[in-house]
Structures are given as C-alpha cells and as structure tokens.
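# Chain and residue survey
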Amino acid sequence: MQKFERVFDQLLQTLITALKSQFPSLGSIPKTTHYFKDILQELTQSQLVSLRALNQLRKVQRYVTQPSQINQETIVFMQQLLAYYQLEAAESNRQSITHSRLAHLFGQLDISSPQAVVNGKADLTDLQKYLNVPVPATAILNRIVNQLPANSHTLTLIIGRSGTGKSQLLSNLQAYHPELFTLPNLYIKDGAGISFDPLTSLDDQLLRDFDGFSDQQLRSNQPLHQIMTIPDVLLKHFARHAQRLGTFTQMIDMIQTTNILDGPPHDLITAQFQFVYIDRLPLYDVTPSGTQSDFLDQLTAKIFSANAYENPFYRAYQADVDQNIISPLHRNFQLLTHPQILTSIKYTLIKSQLENQKVFSIRELLTFFHDIVVPKPDTAKLDNTIFNLMFPEQPQTRILTDLHQCDPVTFQHPKITQLLLQFQETNDKVAFLQAQLNHYHLPSHWFTNSYHFLIDQNTPDIALARWLLRVLYLFDHQNEFFADPVYFRFLKSYTHALNYHYDANLAKLVAVGLQRWYSQTQSDQSAAQVHQLAIPLQLKVYYLTTERRLIKVFCVIFDEFGEHLAQIPISLSLFRLFIKLDQNYVLSPSDRQHHLAFSSFLTDLFTNLNFNYDTRID
C-alpha cells in the first residue's frame with residue numbers, strides 16, 4: 001500500500017506541474033498543506049475546465065484526503081489523467097515557446113542562424129560581444145597591429161578553419177581597440193577570395209586580394225598595411241596558383257623556406273609578413289591526472305552559470321519561468337547549470353578531441369550547446385533530455401558523431417553489467433531509478449516531472465537502461481563504472497614526453513606495437529613478403545616529445561644495410577591499439593582502415609627495409 005501512495009504522490013506532483021503549465025494563473029497560488037484543493041477551487045471559480053474534467057480532478061482530491069483508498073486502479077486512473085493534461089500542456093508550450101526569451105537566445109547559437117556567422121567588418125551584436133572568449137591569437141594579433149610601422153609594406157593574415165573565430169577576432173580588435181586601426185593606407189578584408197561578382201573566379205579574386213604583395217608591388221615600396229582572414233586550405237590553394245604564375249616569388253619563397261603551409265600549423269612573424277594561426281593549438285591543457293580548459297570554463301560559464309546579473313541566458317530562463325513558460329528546453333538548461341554535469345561535458349569534449357586528433361571550432365561548440373539543450377520536434381520526450389540529446393542515435397554534427405565513442409552505453413565494466421541485470425529483474429523500475437539517482441543533487445522538481453517518461457509502459461526497458469547509464473555518467477563521469485585506465489595512462493605518458501622525460505614503459509609499448517604490426521600480414525601477402533616479415537623487427541626508441549597533443553616517438557630501425565631513423569606519431573586512439581597489440585591482439589582490416597594514414601606510413605617504412613633472410617640481425 002505504501003508503494004502505491006508513493007507513486008500516487010509522484011504522479012500528483014507531475015499533474016500539478018502540467019496544470020500550471022496549461023493554466024498560468026495557478027502559479028500564483030501559494031503552496032500549503034491543501035495545495036491541490038486550492039488549485040481545484042481556482043479552476044472551479046475561473047471556469048477554466050469542463051464539468052467532466054472538474055469531476056475527474058475532484059476524484060483526485062478524494063484520494064489526497066483518503067490515501068487508504070489508493071490502489072493499482074488509482075495509479076492507472078492517474079496515469080491516464082496525467083497523459084491527457086501533459087498533452088494539453090505540450091500544446092500550450094508549443095504556443096508559448098515562440099515567446100520564450102531563452103529559446104530566442106539559443107536559436108542564435110545554432111549554426112543555421114544568421115547571427116551565428118560573424119562579419120569581420122560589421123559591428124558585433126550584443127550576444128556576440130558577450131560570448132567572446134579570448135584565445136592565444138588575440139594577444140599576438142593585438143601586439144602585431146599595435147607595432148606596425150607607419151611607412152612599411154606589411155601583410156597580416158589571420159588563418160584557420162571555418163568556424164574557428166577568425167572574423168570574431170578581427171571584429172573584436174576593431175570594436176575594443178579602434179585606435180589600432182587608424183594607420184593610413186590600412187586595408188582590411190574579412191574573407192580573402194570572397195567576391196560578390198558571380199563572374200569573378202576564385203583564383204582571380206585571390207590574385208586581386210593579394211595583389212599588393214606581388215613582386216611588382218613589393219618593389220614599389222608604397223606604404224600598405226593589409227589585414228585579411230583566410231581559411232588555411234584557401235591559402236595553400238593560392239600559394240600553388242601563385243607559384244605557377246611566378247609573379248609572387250618573394251612571398252612564395254618565404255612560405256617554402258619557412259615550411260609554414262606544410263606540417264603542423266605555426267605562426268610566422270617577419271617585418272613584412274605576419275601569418276597568425278587562430279587554431280594552432282587545441283584550447284586545453286594536459287596533465288598526468290587529467291585535462292583542463294580555461295577556454296571551455298569561460299565559455300560554459302557565460303551560457304550556463306546560474307547568475308542572472310551577469311548571464312543573459314539565465315536571466316532569460318528566469319523571465320520565462322516567471323511567465324510560466326516551462327518546456328523541455330528549460331529543464332535541460334536548468335540541468336546544465338549543475339556544476340558536475342558541466343564538468344562531465346567538458347571532460348568528454350576534451351577526451352573526444354584527443355581521441356580523434358581534432359580541434360572543435362568555436363562555432364561547432366556553440367552549435368553543440370544548442371543541440372543538447374533545444375528539444376527536437378516530433379521526438380519522444382525521453383530523447384529530448386540532455387542525456388539522450390548528447391548521444392543521439394543519428395548524430396548530425398561532427399561533435400555529436402565523435403562523442404559516440406564516449407557514450408557510456410558502450411562502456412564495459414562488471415558493475416555496469418550487474419546494475420543492468422538488477423534493473424531488468426526489478427518490478428518497480430521507477431523506485432530502482434530513483435534509488436540510483438538519489439545520490440545526486442538533482443533540481444528539486446526535475447525528477448518528479450520526469451516520471452511520465454519512466455512509467456510510460458511504451459518505453460522499452462533497454463531505452464530506460466541506456467538513459468540511466470547516461471544520467472549516471474553526466475552526473476559523475478569519475479564513477480568506477482566509467483573508468484578508462486588507458487586514457488589516464490596516455491595522459492601520464494604524454495606529460496612525460498612533454499617534459500622530455502624518457503618513459504621506458506612507453507618506449508617498450510611502442511617497440512612491441514611496431515614489431516607486431518610489422519609481423520602481422522594480410523592474406524594477400526606474397527611468399528617473399530611473408531618470409532621477410534617473419535624476421536623480427538629490430539628497433540630502439542631513443543627520444544620522446546610531443547606535437548599538437550600527439551606523442552612523437554623518435555626511433556632507429558636496423559636492417560641489413562644499417563640504420564633508418566623514423567618519427568612515429570602516437571595519438572590516443574593509436575595508443576589504445578598499441579595497448580591491445582601488447583596483449584597479443586590481432587590487427588583487423590578495420591584497424592588499418594581506421595588508422596589509414598599511419599598504416600600507409602608504416603607500409604612505406606617497412607617496404608624500404610632490407611633483410612638477409614639467412615641470418616638474423618643481432
């Protein structure tokens with residue numbers, strides 16, 4: 001009997017929330033010991049509902065005053081009544097969400113929004129100014145522009161992938177430091193190669209944009225200061241085109257001499273040319289115990305900090321709630337103000353970048369925050385919580401796709417198996433879920449409002465189990481359920497290499513991994529190749545360093561004719577594979593495909609080795 005009363009109380013609270021969402025005037029009723037009776041009285045006096053609906057709600061009031069009458073039939077009745085009012089509340093929310101201040105702000109974060117793209121020569125919107133977080137390139141460019149000689153001929157390029165904040169950086173400099181842009185003969189263009197003339201080709205527009213730095217113009221010694229933004233791939237395209245033309249030899253010689261367009265991006269600062277890469281390094285730091293990002297800390301605080309005075313998003317959230325505009329969007333936003341959830345999300349974003357050797361752009365990150373907060377139309381309510389929005393079945397963006405391998409549903413741990421078995425065997429799924437979540441400081445009404453997901457008989461147990469794992473992960477990614485010892489082993493090895501400490505364990509791991517990669521042949525190997533590969537690979541690791549969140553292993557490989565020097569780049573993903581190779585794992589074609597560039601590199605390296613088949617190298 002007590003179990004039925006507990007479930008009834010939970011359903012009653014959810015029913016009250018649905019009624020308040022449909023009838024905003026109920027929000028002014030103070031909460032007392034006879035709260036539902038007061039709500040019923042207001043509905044009666046205001047004639048807000050039909051007589052039939054009032055009779056049903058009066059039946060609920062009888063159960064409130066006489067809890068001993070609550071049984072299984074009562075619960076079924078409450079579920080049916082709740083389903084009706086939640087549908088009505090959803091319709092109400094769909095109408096009121098168009099007036100939601102929070103929805104309007106988040107709409108500007110989506111990549112499809114016109115406000116998401118910054119025009120480097122136009123004034124920034126208030127939201128764009130607010131969301132600005134300085135990156136290392138900000139100080140570098142500020143210093144360059146501040147020190148430009150008046151009577152010189154200089155080209156300053158802000159280089160980076162699309163969405164990395166090139167235009168934002170240029171706009172911020174002009175907005176906050178207008179005194180830097182008072183030089184005579186200063187020319188600024190946001191987007192080299194962009195033309196508004198459909199008859200002008202890309203190559204012709206690039207030649208026009210760079211014309212001031214052709215050999216002829218450089219010989220003229222005319223004062224000129226040119227600042228442009230340009231994607232890195234477009235700069236490489238221009239360099240190839242200019243080299244063929246032969247009219248930009250001074251610039252092309254400088255590019256080739258410094259090797260700036262080949263290999264890892266790096267800034268180039270000379271008296272005449274300043275090339276600044278905005279995404280030269282990932283915006284996070286690695287330590288033996290974990291990762292940290294001042295950039296992500298600042299960006300997430302600007303959106304999700306529970307500070308109405310400083311944060312326009314939280315101010316909009318409060319204004320909506322005051323007007324009784326409450327939707328899944330608002331519940332997701334409220335959850336993201338929870339510090340532990342934000343910590344877990346930042347941890348996952350950094351881990352995914354390390355895993356895939358990618359750098360998420362600012363525009364991608366803002367779109368990601370939009371995607372995990374804003375519910376999708378015509379989607380099951382459970383799938384519109386942040387826990388499922390962050391790990392969707394069909395991801396539509398690069399970040400959501402890359403986060404798939406961090407989905408706790410894919411983790412393997414004995415205690416996860418034990419937890420899911422207990423969940424499968426229990427009859428009271430709601431009570432089980434409540435017990436698992438009691439440890440966390442959930443927003444006061446959130447879990448109660450979520451019960452209509454959990455008691456829905458149409459929701460398969462597997463969907464609830466996946467949802468539970470994701471909830472546990474985002475509230476506590478450090479839980480032993482989700483332990484990833486290989487990840488922290490990589491961080492430790494990375495920091496050793498970063499500080500030029502020789503890591504004997506890492507050296508041995510790489511040596512064994514290369515040996516086993518070398519010795520494992522594919523089915524189409526010729527007999528001679530198989531004979532050669534049967535000879536153990538002789539190598540020695542002598543130096544470790546880092547480069548763009550990779551561990552670079554310098555080693556020497558011996559063959560019949562002497563020594564071959566090799567630089568082996570080890571990413572987190574490759575590190576995981578080497579751990580498996582050390583445990584006698586057999587490479588699969590999918591492994592080689594996943595690490596295609598590395599596999600091709602090793603194939604070329606091994607092909608050039610020569611062995612005497614009659615003798616082994618000592």
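Residues numbered from 1 in each chain as written. Predicted model: local features only at pLDDT ≥ 70, side-chain atom pairs only at ≥ 80, totals over all residues. Heavy atoms only, no water.

## Quick look at the nonpolar core
- In this structure, F106, F313, I345, L349, F368, W517 and F578 are the most contacted members of the largest nonpolar core, which totals 118 residues.
- Among the elements that make up this core, the one with the highest residue count is helix 24 (residues 461-475) (ten residues).
- Contacts of F578, omitting those with residues within four sequence positions, involve L509, V510, G513, L514, W517, I570 and F598.
- Ranked by size, the runner-up nonpolar core spans 27 residues in total, among them M228, M254, I260 and Y277. (Core = buried A, V, L, I, M, F, W, Y, C linked by side-chain atoms within 4.5 Å. Buried < 20%, exposed > 50% of the residue type's maximum accessible area, 1.4 Å probe, protein only. Helix = DSSP H or I, 4+ residues; strand = E, 2+ residues; numbered from the N terminus. Contact = heavy atoms within 4.5 Å.)

## Some thoughts on the sheet that holds strand 5 (residues 273-277)
- Taken in spatial order, the five strands of this open sheet run 2-3-1-5-4, and their pairing is mixed. The open sheet has two edge strands, strand 2 (186-190) and strand 4 (268-269), and neither has a second partner.
- Where strand 2 lies against strand 3 (residues 224-230), five bridges are found, and the strand directions are parallel. The partner of D190 across the bridge, within strand 3, is T229.
- Packed on one face of the sheet, helix 12 (residues 249-258) meets strand 1 (153-159), strand 4 and strand 5 and runs near 50 degrees to strand 5. (Pairing = 2+ DSSP bridges. Axes fitted to C-alpha atoms, helices over the stretch in contact; angles between N-to-C directions.)

## As for the packing of helix 13 (residues 294-304) against helix 17 (residues 362-373)
- In the contact formed by helix 13 and helix 17, the axes pass within 12 Å of each other and the chain directions differ by 40 degrees. With respect to each other, helix 13 and helix 17 are oriented oblique. Classified by chirality, the crossing of helix 17 by helix 13 is right-handed. Contacts from F295, L296, L299, T300, I303 and F304 of helix 13 reach helix 17 at I362, L365, L366, F369 and V373.
- Residues of the contact of helix 13 with helix 17, tallied by class, amount to ten nonpolar, one polar and no charged. (Parallel < 35°, antiparallel > 145°, perpendicular 65-115°, else oblique. Left-handed = near helix turned anticlockwise from the far one by under 90°. Nonpolar A, V, L, I, M, F, W, Y, C, P; charged D, E, K, R; others polar.)

Don't take any of this as a statement about function, it's just geometry.
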